[in-house]
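Here is how the chains run, residue by residue.
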Amino acid sequence: MAGKRRGSAATAGTLRFVLGDQLTRRVSSLVDLDPERDVVLIVEVRDEATYVRHHKQKIAFLFAAMRHFAAELEAEGLAVDYVRLTDAGNTGSFTGELERAVARHRPDRVVVTEPGEWRVWEMMQDWRETLAIPVEIRADNRFLCPREDFSRWAEGRHHLRMETFYRGMRRRTGLLMDDDEPAGGRWNYDPENRKRLPKGQQPPDRIGFQPDAVTRQVIALVEAEFGDHFGDLTGFSWPVTRADALAALRHFLADALPTFGDYQDAMKTGAPFLYHALLSPALNAGLLTAEEVCWAAERAYRDGVAPLHCVEGFIRQILGWREYVRGLYWARMPGYRDSNALGAGRDLPWFYWSGETALNCVAQVVGETRAHAYAHHIQRLMVTGNFALIAGLDPAQVEEWYLIVFADAYEWVELPNVHGMVLWADGGVMGSKPYAASGAYIDRMSDYCASCAYDVKVKAGPEACPFNYLYWNFLIENEERLAGNQRMAMPYRTLRGLSDRRRAEIRRDAAAFLDSLQARPGPDQSGDQTDRVR
């Protein structure tokens, strides 16, 4: 599928460069497209698949979605210049392919929508200097809070609290508002959204999408070109067209949203999806928009399909959290990623790649991530993230892992979530306290501990759950930094009540466990070990 191309003898009006995560006809770079004169450029480039060595399913998802989107534009009668990864002359980079396209089409100008990642933003600034024609960079109209608006809100604030931002966004959009008041009289129903999944309760079967011929070609391409990357391609079933993404949204609203809120923090062995929407890859790539998803959920509440606490919890994740992390990213980059408030520096253990660990919760989450390029937010925050926090893992290594392994990961969403929320490496810009927890939290919210080699009820010694002594060791290691935090007052009061003998026991157990971790190179660094993690 080369797409329609204008030869060098023709002169295009505008070359409209659409990135692989901007796959909507309504994106700002296409809103005023002239079908008689303009050309749409879409490119598959190796640099974007390998700047970190993304999960194979993420690459397959994006390339398949890009090819389907290009076909939809062509069916509309538009001129599309689509460059495949293996096309002759493919330079492997956005810049190289844009330069080649400008030479082919000789446009009057280039129009592009601002990117989601700082490194691409810097590329775009260079295009303005190196190309001999104007380059217009437009705001990304798929988000409900423009970057400039968030920056004005954040100006002068050290602590940027999501709840304050979220309430402002509710008022701004009118979502879940009754005149000037929040629906139901409350802004946030989080206390109702923390239930453990009852024993024997079965979540709904989730809709999947059988790969068509185009997607099967992409899957074969990814296996051939990126076979040494982390992850499995077996069972790939992500929606790669807008029609499929809308079907996934309808399925979620009808079959999962009515119970989503109750069990959104629950975890269960063999049930990676539970009641979660699984819409974030489609949302982040442009197949769905935040506005339509939020209003569809609100209609479910107004029509009596789903209760308020379920709908509010879902909308908060998009209108609140998603918009918030994106705004914070752009307001604080490029320096945001450089902080390390807790001085963490241990290497990422090998089991983050292999899943080979006696910690059943970690093994479950890593295995599901390898199979699906997905884990839900509590698995990310309170299992792999919590371990990284209380084990003192190096923020840069942890952040790279999160960016590699998930189909919905882009730096604008991954970096604030991991750097600020998971690791508290920003020193409290995002969160008022670190989200550190012992094994008791995981036991309360999952069935993982029942099948674990460690005993979550044991606090010390070789049979004890490592989360237990690592939690207290984390408090000891960071006592000078965190003891004055008001939200940490209770655990530090308990810590001060421990005997010197108990403190020494905690330190001994933690040191023995941490010293036993194997920090071998992952598949993103060393090809000779990738067979073990495929």
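What counts, and at which threshold
Residues numbered from 1 in each chain as written. Predicted model: local features only at pLDDT ≥ 70, side-chain atom pairs only at ≥ 80, totals over all residues. Heavy atoms only, no water. Helix = DSSP H or I, 4+ residues; strand = E, 2+ residues; numbered from the N terminus. Rg over C-alpha atoms; globule rule 2.2 N^0.38 Å. Buried < 20%, exposed > 50% of the residue type's maximum accessible area, 1.4 Å probe, protein only. Contact = heavy atoms within 4.5 Å. Areas by Shrake-Rupley, 256 points an atom, 1.4 Å probe, with all protein chains shown as cover. Domains from an automatic or database assignment. Buried area = accessible area lost by both parts, 1.4 Å probe. Salt bridge = Lys/Arg side-chain N within 4 Å of Asp/Glu carboxyl O. Polar contact = N/O pair within 3.5 Å; in protein donor to acceptor, adjacent residues only side chain to side chain. Core = buried A, V, L, I, M, F, W, Y, C linked by side-chain atoms within 4.5 Å. Expected span 1.5 Å × (residues − 1). Pairing = 2+ DSSP bridges. Phe/Tyr/Trp six-rings, centres within 6.5 Å; stacked < 30°, edge-to-face > 60°. Lys NZ or Arg CZ within 6 Å of the ring centre and 35° of its normal. Axes fitted to C-alpha atoms, helices over the stretch in contact; angles between N-to-C directions. pLDDT = per-residue confidence, 0-100.

**Some points on the overall build of the protein chain**
Here comes step 1: Check the secondary structure of the protein chain and you find 21 helices and seven strands.
Here comes step 2: Computed over the C-alpha atoms, the radius of gyration of the protein chain is 24 Å, within 12% of the 24 Å expected from 2.2 N^0.38 for a compact globule of 534 residues.
Here comes step 3: With 534 residues in all, the protein chain has 60% of them scored as buried.
Here comes step 4: For the protein chain, long-range pairs separated by at least 24 residues make up 78% of all intrachain contacts whose partners lie at least 6 apart in sequence.
Here comes step 5: For the protein chain, the exposed surface amounts to about 20,800 Å²; the carbon and sulfur share of it is 49%.

**Overview of the domain arrangement of the protein chain**
Here comes step 1: Examined at the domain level, the protein chain breaks down into domain 1 (14–138), domain 2 (147–332) and domain 3 (350–516).
Here comes step 2: On a C-alpha basis, the centroid separation for the pair domain 1 and domain 2 is 26 Å.
Here comes step 3: Across the boundary between the two partners, domain 1 contributes 34 residues, which contact 37 residues of domain 2.
Here comes step 4: When domain 1 packs against domain 2, close to 3,000 Å² is buried across both sides, 60% of that on carbon and sulfur atoms.
Here comes step 5: Put simply, domain 1 and domain 2 have six salt bridges between them.
Here comes step 6: Residues Asp228 and Arg53 are paired through a salt bridge, measuring 2.2 Å at the closest nitrogen-oxygen approach.
Here comes step 7: At the boundary of domain 1 and domain 2, one finds 15 residue pairs in polar contact (both at pLDDT 80 or more).
Here comes step 8: Among the elements of the structure, helix H1 (46–50), helix H2 (56–75) and helix H4 (118–130) are those that each provide at least two residues to the side of domain 1 that touches domain 2.

**Topic: the pattern of salt bridges**
Here comes step 1: The final tally for this structure, using the stated rule, is 38 salt bridges.
Here comes step 2: Salt-bridge contacts for Arg25 lead to Glu76; the nearest nitrogen and oxygen are separated by 2.9 Å. Placement of the pair is Arg25 in the loop between strand S1 (14–17) and strand S2 (39–43) and Glu76 in the loop between H2 and strand S3 (79–83), with a sequence separation of 51 residues.
Here comes step 3: Judged by its relative accessible area of 31%, Arg25 is partly exposed.

**Digging into the nonpolar core**
Here comes step 1: Counting 193 residues, the largest nonpolar core has Leu257, Phe314, Tyr324 and Phe387 as its most contacted members.
Here comes step 2: No other element matches helix H11 (residues 308–332), which puts twelve residues into this core.
Here comes step 3: Apart from residues no more than four positions distant in its own chain, Leu257 is found in contact with Phe252, Ala297, Ala300, Ala306, Cys310, Val311 and Phe314.

**So, helix H18 (residues 466–477)**
Three or four residues apart is the spacing at which side chains of an α-helix point the same way, because the helix has 3.6 residues per turn.
Here comes step 1: Helix length check: H18, at twelve residues, gives a terminal C-alpha distance of 16 Å against a target of 16 Å (1.5 Å per residue), a fit within 8%.
Here comes step 2: Taken across its twelve residues, H18 has eleven buried, putting it largely inside the fold.
Here comes step 3: Buried residues of H18: Pro466, Phe467, Asn468, Tyr469, Leu470, Tyr471, Trp472, Asn473, Phe474, Leu475 and Ile476, and no others.
Here comes step 4: Buried residues in H18 make contact with helix H13 (360–372), helix H14 (377–390), helix H17 (439–445), helix H19 (479–482), helix H20 (489–496) and helix H21 (500–516).

**Observations concerning the pairing of S3**
Here comes step 1: The buried fraction of S3 is high, at five of five residues.
Here comes step 2: Here S3 shows a buried face lined by Ala79, Asp81 and Val83 and a second buried face lined by Val80 and Tyr82.
Here comes step 3: Pairing analysis gives five bridges linking S2 to S3, with the strands arranged parallel. Bridged to Val39 within S3 is Ala79.

**Observations concerning the environment of Leu498**
Here comes step 1: By secondary structure assignment, the location of Leu498 is in the loop between H20 and H21.
Here comes step 2: The exposure class of Leu498 is partly exposed, given its relative accessible area of 24%.
Here comes step 3: The residues contacting Leu498, other than those within four sequence positions of it, are Arg503 and Ile506.

**Some details on the packing of aromatic side chains**
Here comes step 1: Using the criterion set out here, one finds 30 aromatic pairs in the structure.
Here comes step 2: Judged by centre distance (6.0 Å) and plane angle (35°), the ring pair of Tyr263 and Tyr275 falls under tilted. A residue pair is termed long-range when its members are at least 10 positions apart, and Tyr263 in the loop between helix H8 (242–260) and helix H9 (280–285) and Tyr275 in the loop between H8 and H9 qualify at twelve residues. When sorted by exposure, Tyr263 lands in the same class as Tyr275, which is buried.
Here comes step 3: Ring centres of Tyr402 and Phe406 lie 5.9 Å apart, and the angle between their planes is 45°; on these two criteria the pair is classed as tilted. Of the two residues examined, Tyr402 and Phe406, each falls in the buried class.
Here comes step 4: Through a chain of ring-to-ring contacts, three or more aromatic side chains come together here, namely Phe351, Tyr352, Phe387, Trp401, Tyr402, Phe406, Phe467, Tyr469 and Phe513.
Here comes step 5: The ring of Tyr51 has Arg119 sitting right over it, with the charged end atom 3.5 Å from the ring centre.
Here comes step 6: The positively charged end of Arg147 is found above the aromatic ring belonging to Trp121, 4.5 Å away from the centroid.

**Here's the deal with the sheet that holds strand S4 (residues 109–113)**
Here comes step 1: With parallel pairing, five strands are arranged side by side in an open sheet as S3-S2-S1-S4-S5. Across the chains shown, the open sheet's two edge strands, defined by having one partner strand only, are S3 and strand S5 (135–138). Neighbour-to-neighbour, the strand axes of this sheet turn through a mean angle of 25°, independent of strand direction.
Here comes step 2: Bridge analysis of S4 against S5 gives four bridges, and the strand direction is parallel. From the neighbouring strand, Thr113 faces S5, where its bridge partner is Arg138.
Here comes step 3: Relative to the sheet, H2 contacts S2 and S3, its axis offset from that of S3 by approximately 160°.
Here comes step 4: Sheet strands in contact with helix H3 (residues 94–105) are S1, S2, S3 and S4, and its direction is about 150° off that of S2.

**Describing the side chain of Gln57**
Here comes step 1: Topologically, Gln57 is positioned in helix H2.
Here comes step 2: Note on Gln57: relative accessible area 2%, which makes it buried.
Here comes step 3: In this structure the side chain of Gln57 is engaged in a polar contact, spanning 2.7 Å, whose partner is the backbone oxygen of Ala371.
Here comes step 4: Sequence-distant contacts of Gln57, defined by excluding residues within four places in its chain, comprise Asp232, Leu233, Thr234, Phe236, Trp238, Ala371, His372 and Ala373.

**Looking at the confidence of the model for the protein chain**
Here comes step 1: Across the protein chain, the average pLDDT comes to 94, with 95% of residues at or above 70.
Here comes step 2: Confidence drops under pLDDT 50 across residues 1–9; counting only partners more than four residues distant or on other chains, this segment forms 37 contacts.
Here comes step 3: Between residues 524–534, whose pLDDT stays under 50, and residues either more than four places distant or in other chains, the model counts 26 contacts.

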